[in-house]
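Observations on the model geometry
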Amino acid sequence: VFRIPLDTNSTFSWTLDYPARTVSIEVHSPAEKNHWVAVGFSDYGDLVGADLCVLWTDWRGRTHLQDTWVDLNGRSVVDSQQDCLGFRHIQLNDVVKFTFTRRFDTCDPQDYVIEEGTTHVVWARGRGPLFRLEGLNVSSAAHSGMQRTQLLKNTCPLPSHPRDTWHHDILNSEVRVSGDDTTYWCRMHRLPAALRTKHHVVQYEAVIQPGNEALVHHMEVFHCEAPHTQIMPDYQGPCFSVERPEVTKVCKRVLAAWAMGALPFSYPEEAGLPIGGSDFNPYIMLEIHYNNPEKRTDWVDSSGIRMYLTPTLRRFDGGVIELGLEYTDKMAIPPHQPAFVLSGYCITECTAVAVPQEGIVIFGSQLHTHLTGIRVFTRHIRDGRELPELNRDNHYSTHFQEIRSLKRQIKILPGDALITSCWYKTTDRNNITLGGFAISEEMCVNYIHYYPKIDLEVCKSSISSESLQTYFRFLHEWEGQATGPDLGISDNYESVNWSPMRARILHELYHESPLSMQCNQSTGERFPGYWENMPITPVLFPLPPHPRDCATHP
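Residues numbered from 1 in each chain as written. Predicted model: local features only at pLDDT ≥ 70, side-chain atom pairs only at ≥ 80, totals over all residues. Heavy atoms only, no water.

Going by an unreviewed UniProt entry, the chain carries the name DOMON domain-containing protein and comes from Zootermopsis nevadensis. In its Subcellular location (unreviewed entry) section, the UniProt entry covering the chain states "Membrane". (UniProt positions renumbered as here; feature names shortened; annotations may be inferred.)

Our focus in this paragraph is the packing of aromatic side chains. Enumeration according to the criterion identifies 19 aromatic pairs in this entry. Centre to centre, the rings of Phe240 and Phe437 are 5.3 Å apart; their planes meet at 45 degrees, and the pair counts as tilted. With Phe240 in the loop between β17 (236-238) and β18 (251-259) and Phe437 in the loop between β33 (433-434) and β34 (445-451), the pair connects residues that are 197 residues apart, well separated along the chain. Three or more aromatic residues joined by ring pairs form one cluster here, namely Tyr204, Phe265, Tyr267, Phe316, Phe363 and Tyr451. Of note, Arg385 hangs over the ring of Phe541, and the distance from its end group to the ring centre comes to 4.5 Å. For Lys460, the ring lying beneath its charged end belongs to Tyr327, and the centroid distance is 3.6 Å. (Phe/Tyr/Trp six-rings, centres within 6.5 Å; stacked < 30°, edge-to-face > 60°. Helix = DSSP H or I, 4+ residues; strand = E, 2+ residues; numbered from the N terminus. Lys NZ or Arg CZ within 6 Å of the ring centre and 35° of its normal.)

Let us now look at the domain arrangement of the chain. Taken as a whole, the chain is organised into domain 1 (2-149), domain 2 (166-317) and domain 3 (319-521). When each unit is reduced to the centre of its C-alpha atoms, the spacing between domain 2 and domain 3 is 25 Å. Contacts between the two partners involve 30 residues from domain 2 and, on the opposite side, 28 residues from domain 3. Across the domain 2/domain 3 interface, buried area totals approximately 2400 Å², and carbon plus sulfur atoms make up 58% of it. The tally of links between domain 2 and domain 3 comes to zero salt bridges. Our enumeration of links across domain 2 and domain 3 arrives at three residue pairs in polar contact (both at pLDDT 80 or more). Secondary structure elements with two or more residues in the side of domain 2 that touches domain 3: β14 (182-190), β16 (216-224), β18, β19 (265-266), β20 (271-275), β21 (283-291) and β24 (316-317). (Domains from an automatic or database assignment. Contact = heavy atoms within 4.5 Å. Buried area = accessible area lost by both parts, 1.4 Å probe. Salt bridge = Lys/Arg side-chain N within 4 Å of Asp/Glu carboxyl O. Polar contact = N/O pair within 3.5 Å; in protein donor to acceptor, adjacent residues only side chain to side chain.)

The next point concerns the nonpolar core. Tyr204, Val221, Ile275, Tyr290, Ile305 and Met307 are the most contacted members of the largest nonpolar core, which totals 33 residues. Those elements giving two or more residues to this core turn out to be β15 (199-207), β16, β18, β20, β21, β23 (304-310) and β28 (360-368). No other element matches the four residues that β21 contributes to this core. Shared between two domains, this core takes at least three residues from each, and those domains are domain 2 (166-317) and domain 3 (319-521). (Core = buried A, V, L, I, M, F, W, Y, C linked by side-chain atoms within 4.5 Å. Buried < 20%, exposed > 50% of the residue type's maximum accessible area, 1.4 Å probe, protein only.)

Bringing the sheet that holds β34 into the picture now. Taken together, the six strands give an open sheet; going across it, the order is β31-β28-β34-β25-β35-β36, and neighbouring strands pair in mixed fashion. The outermost strands of the open sheet, each flanked by one partner alone, are β31 (403-412) and β36 (515-521). Strand-to-strand twist across the sheet, computed as the mean angle between neighbouring axes with direction ignored, equals 20 degrees. Across seven bridges, the pairing between strand β35 (residues 456-463) and β36 is antiparallel. Across the sheet, the residue bridging to Lys460 is Gln518, located in β36. (Pairing = 2+ DSSP bridges. Axes fitted to C-alpha atoms, helices over the stretch in contact; angles between N-to-C directions.)

UniProt feature "domain: DOMON" (unreviewed entry): in the numbering of this structure it lies at residues 8-126. For residues 8-126, the end-to-end C-alpha separation is 17 Å, with 0% helix and 56% strand making up the annotated structure.

Take the sheet that holds β18 next. Strand order in the open sheet formed by five strands is β17-β14-β21-β16-β18, with antiparallel pairing between adjacent strands. Each edge of the open sheet is held by one strand with a lone partner, namely β17 and β18. Strand-to-strand, the axes of this sheet are offset by a mean angle of 20 degrees, without reference to chain direction. Relative to β17, β14 is paired through three bridges, and the arrangement is antiparallel. Of the residues in β17, the one forming a bridge with Cys186 is Gly237.

Moving on to helix α2 (residues 465-479). Helix length check: α2 (15 residues) gives 20 Å between terminal C-alpha atoms against 21 Å at 1.5 Å per residue, within 8%. Regarding α2, the residues found buried are Ser467, Leu468, Tyr471, Phe472 and Leu475. Taken down its axis, α2 places every buried residue within 140 degrees of arc, on the same side. Seen from the buried face of α2, the exposed residues on the opposite side, beyond 90 degrees, are Glu466, Glu477 and Trp478. Residues of α2 that are buried in the fold lie against β35, α3 (489-494) and α4 (500-512). (Expected span 1.5 Å × (residues − 1). Arc of directions from axis to C-beta.)

Right, let's talk about the packing of α2 against α4 for a bit. The description of two helices packed together rests on the angle between their axes and the distance between the axes. It is at 11 Å that the axes of α2 and α4 come closest, and there the two elements cross at 155 degrees. Relative to α4, the element α2 lies roughly antiparallel. Regarding α2 and α4, the two cross each other, and that crossing is right-handed. Contacts from Ser467, Tyr471, Phe474, Leu475 and Glu479 of α2 reach α4 at Arg502, Ile505, Leu506 and Leu509. Split by residue class, the contact of α2 with α4 holds six nonpolar, one polar and two charged. (Parallel < 35°, antiparallel > 145°, perpendicular 65-115°, else oblique. Left-handed = near helix turned anticlockwise from the far one by under 90°. Nonpolar A, V, L, I, M, F, W, Y, C, P; charged D, E, K, R; others polar.)

A complete count under the given rule lists seven disulfides for this structure. The disulfide that involves Cys107 links it to Cys550, with 1.9 Å between the sulfurs. With the S-S dihedral at roughly -85 degrees, the linkage between Cys107 and Cys550 falls on the left-handed side. Linking Cys107 in the loop between β9 (95-103) and β10 (119-126) with Cys550 in the segment after β36, this pair joins segments that are 443 residues apart in sequence. Residue Cys550 is classed as partly exposed on the basis of its relative accessible area, which comes to 27%. One disulfide in the model links Cys350 with Cys519; its S-S distance is 2.0 Å. (Disulfide = S-S within 2.5 Å.)

What follows is the structure in structure tokens.
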């Protein structure tokens, strides 16, 4: 049984029946006389357009549960196809409990399709009694809200930890976060003496200082790839400060990556993340991205990562590879776009030189964008043919990012290509959104967790600089825009008066132009070869649309 709070007084619990493709839901809510309670789903947490099951009492005192949807005026419309099935309810003291069952896909065009990725659970409570449910103004309910969750959880049990497992915390210490909206804070940390012998990390999780849940956006732990005898300075401060010692720039191999909303992450029984040993430099660096949109100056934080370790080594060492887009202002999203797509490529040529003949096995994935990301997925291509996807979230939210254990492990072979696509919505922005590190800028990343560990750590792309300069020259010569070769990339983007046609041409440019590739080793250096102006890996045989089982469910 999985459970989330809807508010301080209500809970939403569910169990899954994957063979029947149904979810059984139980809601606990305050029992107020004649009040109605609605719970259901919507694309991104709005009540308008939501698919709801509504518990209500009529003027004769009879209790009903009806399937409804909410129109553009915020009023309920009773669905002609009722899909809130198996209704039962009971009132105990001041709590009403009701249950119902629903198919993942009811094949009703007014119903929400429950699918992999993030689900926005919406709810509302209001006064009754009602003489009918049709036309009820749900959007004006006295109490309403939304919670995000992964409804279709991985129900496989987590591997048990060896008896000799212990934990180690890598934390900041009372950091006074600046009043800037974005701060990247780095702290060097020396591992304990017990890690002079090799261990495996079998699980890690966030340790967030209570009250700072909204401040800590994401965290990473990096190992310092240096000789084991090299001592690192005891630095803590802004990651991009000129005062940060140059020697700490070797701290770049990812050991753990967490982002807002992620649950504890466990390795499969056959693999663990290697750490420690006689030739292992004992220094690591914690990097925390603080998001402070209110620009408060009173934040103090001691959050970090907790690692569970064992000296009982598993069969394989595990690792993390970053897929997606390079962190660069070469990739940008024009304003007023309802769905602008950027794709980052891990091309055939990179996996051909970096992945061993026996391949690697991916078992976990964490998708990541900043504020305008609304959909993220990674496609898997082999010899021009698309294979099942690695991970997909059609209702992605930057405020709910989990490292998810895949329901099936995926093997990547030399020559495979991985394409990570991110959809962005910038309808409320008047200026260009550039790629970069700030929360107001954008990213497109999939952190994949795999075994056995190889030397490939980053497989990401951006548009080739030559193609981008050609686009800016076209805008200047043919469109009369104030772009030019003497301006930087950001200035060129910000000089454009963005029209729908200019945005469309930019979109096509991104998906047709050669690439600048980051096919990077753990040292930060690229694999040997020339990685500029690389061709996009073609997809000759894409996957057909996922079939829907609607034969018996009109």
